[in-house]
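Here are the chains, one letter per residue:
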Amino acid sequence: MNALLEVKDLNVSFQGNENEKGNENEKESGTAVFYVSFSIREKETLALVGETGCGKSVVAHAIMRLLPPESRVKGTIEFGGKNLLELSEKEMTKLRGKEISIIFQNPSLALNPVYSIGHQLAEPLRIHGQEKRKGKEWKEKEERKEKVWREKEEKNEKGLKMRKNNFSNVARVLKRMGFSNPHEYMGYYPSWCSGGMNQRFLIAASTMLDPVLIIADEPSKGLDRNRVAELEIELKRLKEKSETAILLISHDLGFVRRLADRVAVMYAGEIVEIADPSSLFERPLHPYTQGLLNSLPERGFVPIPGSSPPLSSPPEGCRFHPRCPFKEKLCMQEHPELKESNGRAVRCFLCL
Amino acid sequence: MSLKAENLSRKYGSGLLGRGKCIFRDVSFELEPGKTFGLMGPSGEGKSTLGRIISGLESPTDGAVFFNGNPLSRMKKAEYTTFRRKVQMMFQDPTDAFNPRKRIKHSIFEVLNLLEISGTERIRCTKEILKTTGLPEEVLLRYPSQLSGGQLQRLALGRILLLDPEYIVLDEPTSALDVSVQAQILHLLKNVQAEQGISYLLISHDEAVIRFMSDSCGELENGQMDLIEV
Amino acid sequence: MMQEEAYIRERPRKWKDFLAHNLNLDIRKYKRNLKKLNRGGLFLFTFFLILALFPSLFAPYSPTERFIPYEAPSTAHLLGTNDIGNDILSELVYGARISLMVGFASASISTLIGLMIGLFSGYFRGTPDELLMGFTDVVLIIPKIPLIIILGAFLHPSIWILILVLGLLSWESIARVVRSKTLQIRETGYVKSARCMGFSSFHIMVSDIFPNLIHVLLPKFMLATASAMISEASLSFLGLGDISMKSWGIMLSFAFSRGGFIRDMWWWYLPPGICITLCVMFIALMGFGFEGREKENGKRGVDSE
Ligand code: SF4
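Residues numbered from 1 in each chain as written. Chains lettered and ligands numbered in written order. Predicted model: local features only at pLDDT ≥ 70, side-chain atom pairs only at ≥ 80, totals over all residues. Heavy atoms only, no water.

Thoughts on the overall build of chain B
Tallying secondary structure elements over chain B gives 7 helices and 10 strands in all. The C-alpha radius of gyration computed for chain B amounts to 18 Å, which stays within 12% of the reference 17 Å derived for 230 residues, consistent with globular compactness. Once the C-alpha set of chain B is aligned to its principal axes, its extents read approximately 50 × 40 × 35 Å. Burial status across chain B gives 52% buried among its 230 residues. Taking all contacts inside chain B whose residues are at least 6 apart in sequence as the whole, residues at least 24 apart take part in 69%. Of the charged side chains in chain B, 28 are positive and 29 negative; the average position of the first set lies 7 Å away from that of the second. (Helix = DSSP H or I, 4+ residues; strand = E, 2+ residues; numbered from the N terminus. Rg over C-alpha atoms; globule rule 2.2 N^0.38 Å. Buried < 20%, exposed > 50% of the residue type's maximum accessible area, 1.4 Å probe, protein only. Contact = heavy atoms within 4.5 Å. Lys, Arg positive; Asp, Glu negative; His and termini not counted. Charge placed at Lys NZ, Arg CZ, Asp CG, Glu CD.)

Re the environment of P272 of chain C
All names here are of chain C. By the element assignment, P272 lies in helix α13 (residues 266-303). Sequence separation between P272 and L252 is 20 residues; the distance between their C-alpha atoms is 6.5 Å. Excluding residues within four positions of it along the chain, P272 makes contact with L92, W248, M251 and L252.

Remarks on the site of the ligand
Near the ligand the following residues occur: H286, P287, C318, F320, H321, C324, F326, K327, C331, C348, F349 and L350 of chain A. Tallied by class, the residues present in the shell around the ligand amount to 9 nonpolar, 2 polar and 1 charged. (Near = heavy atom within 4 Å. Nonpolar A, V, L, I, M, F, W, Y, C, P; charged D, E, K, R; others polar.)

A few points about the sheet that holds strand β2 (residues 30-41) of chain A
Residue and element names in this part refer to chain A. As summarised here, the arrangement of the 4 strands in space is β2-β1-β4-β5, forming an open sheet in which the pairing is antiparallel. Among the strands making up the open sheet, the edge pair consists of β2 and β5 (82-83). Looking at chain direction, strand β4 (residues 71-79) and β5 are connected through 2 bridges and run antiparallel. By the bridge assignment for β5, F79 is matched with K82. Against the sheet, helix α2 (residues 56-63) engages β1 (3-14), β2 and β4, with an angle of about 115° to β1. (Pairing = 2+ DSSP bridges. Axes fitted to C-alpha atoms, helices over the stretch in contact; angles between N-to-C directions.)

Some details on helix α4 (residues 88-124) of chain C
All names here are of chain C. Compared with an ideal rise of 1.5 Å per residue, which puts 37 residues at 54 Å, α4 spans 53 Å between its outermost C-alpha atoms and is within 8% of the ideal. In the structure, α4 departs most strongly from a straight axis at G95, where the bend amounts to approximately 30°. Along α4, 26 of the 37 residues are buried, which leaves the element largely enclosed by surrounding structure. Of the residues flanking the end of α4, it is R125, one or two places downstream, whose phi is positive at about 50°. (Expected span 1.5 Å × (residues − 1). Bend = angle between axes of the 7 residues up to and from the residue.)

With respect to the packing of aromatic side chains
By the definition in use, this model includes 20 aromatic pairs over all chains. Judged by centre distance (5.3 Å) and plane angle (50°), the ring pair of F237 of chain C and F256 of chain C falls under tilted. Residue F237 of chain C is found in helix α11 (residues 214-237), and its partner F256 of chain C is found in helix α12 (residues 248-257); the two are separated by 19 residues along the sequence. Geometry around F34 of chain A places R319 of chain A over its ring, the cationic atom sitting 4.2 Å from the centre. (Phe/Tyr/Trp six-rings, centres within 6.5 Å; stacked < 30°, edge-to-face > 60°. Lys NZ or Arg CZ within 6 Å of the ring centre and 35° of its normal.)

Comments concerning the nonpolar core
Within the largest apolar cluster, 39 residues are counted, with the highest numbers of intra-cluster contacts made by L5, L10, F38, I63, L84, L213 and I215 of chain A. By size, the runner-up hydrophobic cluster in this structure holds 36 residues, among which are I108, L130 and L147 of chain B together with I185 of chain C. (Core = buried A, V, L, I, M, F, W, Y, C linked by side-chain atoms within 4.5 Å.)

Focus: unusual backbone geometry
Residue and element names in this part refer to chain B. Positive phi values are uncommon outside glycine, yet D26 reaches one of about 50°. When you line up the elements, D26 lands in strand β2 (residues 21-31). Here D164, not a glycine, exhibits a phi torsion of approximately 55°, which is positive. Looking at where D164 falls in the secondary structure, it is placed in the loop between α5 (149-162) and β7 (167-171). Given the relative accessible area of 43%, D164 is considered partly exposed.

Some details on the interface of chain C and chain B
When the parts of a complex come together, some accessible area is lost, and that lost area is often used as the size of the interface. Taken residue by residue, the interface counts 16 residues in chain C and 20 residues in chain B. Approximately 1700 Å² of surface area, both sides summed, lies buried where chain C meets chain B, with 59% of it carried by carbon and sulfur atoms. Taken together, the links from chain C to chain B amount to 1 salt bridge. Where D208 of chain C meets K102 of chain B, a salt bridge forms, and the shortest distance between an N and an O atom there is 3.2 Å. Viewed at the interface, chain B and chain C are joined by 12 residue pairs in polar contact (both at pLDDT 80 or more). Contributions of two or more residues to the side of chain C that touches chain B are made by α9 (189-196) and α10 (201-209) of chain C. Per-element tally for the side of chain C that touches chain B: the top contributor is α9 of chain C, with 6 residues. Here the residues of the side of chain C that touches chain B are counted per class, giving 5 nonpolar, 8 polar and 3 charged. (Buried area = accessible area lost by both parts, 1.4 Å probe. Salt bridge = Lys/Arg side-chain N within 4 Å of Asp/Glu carboxyl O. Polar contact = N/O pair within 3.5 Å; in protein donor to acceptor, adjacent residues only side chain to side chain.)

Looking at the pattern of salt bridges
In a structure, side chains of opposite charge can pair up when their charged atoms sit close to one another. Residue and element names in this part refer to chain B. Summed over all chains, the structure comprises 28 salt bridges over all chains. The partner of E172 in a salt bridge is K47, and the shortest N-O contact between them spans 3.4 Å. Of this pair, E172 sits in the loop between β7 and α6 (179-196) while K47 is found in helix α1 (residues 47-54), placing the two residues 125 residues apart along the sequence. The class of K47 is buried, set by a relative accessible area of 4%.

Some points on the sheet that holds strand β8 (residues 245-250) of chain A
Residue and element names in this part refer to chain A. Strand order in the open sheet formed by 8 strands is β6-β7-β8-β3-β9-β10-β12-β11, with mixed pairing between adjacent strands. Single-partner strands in this sheet number two, and they are β6 (100-103) and β11 (339-341). In this sheet, neighbouring strand axes are inclined to one another by 20° on average, regardless of whether the strands run parallel or antiparallel. With 5 bridges joining them, strand β7 (residues 213-217) and β8 adopt parallel strand pairing. The residue of β8 that forms the bridge with A216 is L248. Strand contacts of helix α10 (residues 225-241): β3 (45-49), β6, β7 and β8, with the helix running at about 160° to β8, the strand carrying the most contacts.

Below, the structure is given as structure tokens:
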């Protein structure tokens, strides 16, 4: 299978804002993502796990080009033969939603309470539908549109047709998400539905245009146990029914284990291990992955000593060495590379 | 010392319009010295409200909290002051546990001022906190926004320990933290309990956390509390 | 010809398109400009402030010194003289002090009152909140300018009365903003834990809530200053100002009533008008700048997870 998204040597650094006080500079400047490379194949679910501040969300935002202006991005992000980092804002806007879409964190905030579900779900169709028409003979179509505007009846008819079309699309997608009578739900407002239902609507919205890649940025954060389980079912359904690849960003290891096809573990801005979930969770190679798994409830909350280093001044050599139980002299001097062998990659001198 | 809740009920919206909705009713339990009582249940069931009632930040619609046998609502001033010292609360979100406009040092000194501790004693106390919580001295000079969630939660615990409390209400102390940090904080809480014999009321939606920490536990569901074997 | 037409017709659309697609970018640019404006406002405002604090350094003569009346601008009198022979430039420089003083003094009064009322009702909620907010609504509907006209008619028109009335009647919006912000801060972890640790309400209000209100108060204070200056100018122009303290508004009023307009002496009526406009503009710009920065900070707070 060929790679759908290829991230190569992605480097993101933030500069302190010049207007800020000195002490805030300290926190903001620094490299958040350090030579991260990975690829997502078609229909694959890649999970990016790691702790707060390890840079996993920054990677997602870099792919969507949603980083704040003070950031500097280097490297390449190849998607369907194009380098996303070089596209103009306009081209990117077209890509967003249509080919790459994103599932946001909080379902109750992402839906607008004053519009009905059907209206909101049809919105991406409307916008991107317009763009399609604009694309080729923009001016011509525009003129025709003006004519249409003048002739009221015609307009009504056409508008109705378009809307009908959109709504039947919405219904189709809702049905795919497991709603038995979608037409009823389309008239609902977000406040009438439970959080779990809204979550499903959101997922439906992001799959509306059949994107080839979905980025889910911490979808399980701040949700209840039951809601996480529901979300998991939805995402599973999504994986089965549609042909999309998913980039799943999460700190919830159990959630990741059940959903992902491959897992990349990040620590202090680097990928330290990539493996398939079963071998990663059963036989973790990198000491950090081991420590992370040991601090899970199932294994008795055994913590890793110390805390993650600040991004502005990562330690010399292996970035994990101050906390690593197996460290050797070499670890403190040299920075290990990500080495690959039989489908797994690890960044550690002692493994492989 | 004892801290006991008897037949606590709480209604929402029971103002002039009446028609209040009951969040929970007839909740009773007692915190045993040096032990942890776990309280779990889905969110929105009023666990946090219950915690705030126990620590005296809110008042129940019915029932009472008894501290040393006296109900909270009818306490004399001196008694209330000891209650305020001996019963503390720790909150879920470490990022707003400290005033963002003050350096950590000032937030801690403020508490010491309240206790009328000054001079060399003040420095000794501060150092002691850092030792128990395992933090380097430089955090004192930082602003809260420059520290990580785990560090802030440790500091929040340290600041509470200054007051030498007997009871701490832990309101989801680790649910905003990463797994590895969560493990660290839970161990820290256990160590502190072993050393100082504090009793905890641990509120969490995570069953694994409750099972790991508690000696006895209850589940709040549909407005009722059931005791559960651990 | 045809092409040209199409070009003209398309242009607005393209421009709109550009806006829509680069919305982020545009907002960013706008913000950057705002920052620049803020800095510029600060700089020029400082100039006015220095003028007000040390008028004797800038004014060529004393404002009460008399020369030949109705003189046109010359090297001796850069802005000419007025009806009783005072040097207009000197008057202008000395007027800065009075205009600014009225603005700042009344804004201080109103900010202080607004802060206290807002803080109180936000922190204690319940009955005190309802009473205070009811009172605020009552004050809100008192018409300011007519009241001052009546007071001016009955009392001896004095700058102090003006300051007092302007200050006492314009704190409602500040109180409301402070109240809503206080309600928010009250629910944060640090206020709750401070209450838990037994700090007094007064201590919490002063040391935990107030520092987090400053960045809301500052822009409000600036805008209150600007609006007080405008009110002062308009009242003075109506002849309700204090003649013994020659502010810019009173200068305008004299220029109007003593023949400045009729004789077309632009050097008499134009400078004070320009000064008022610029000064108010700079202060407002500074206020907007502070507000903008606060919004950015707020956003970053949400994002930085
Ligand atoms: S390279 Fe050395 S320090 Fe780094 S993880 Fe491996 S053993 Fe530990």
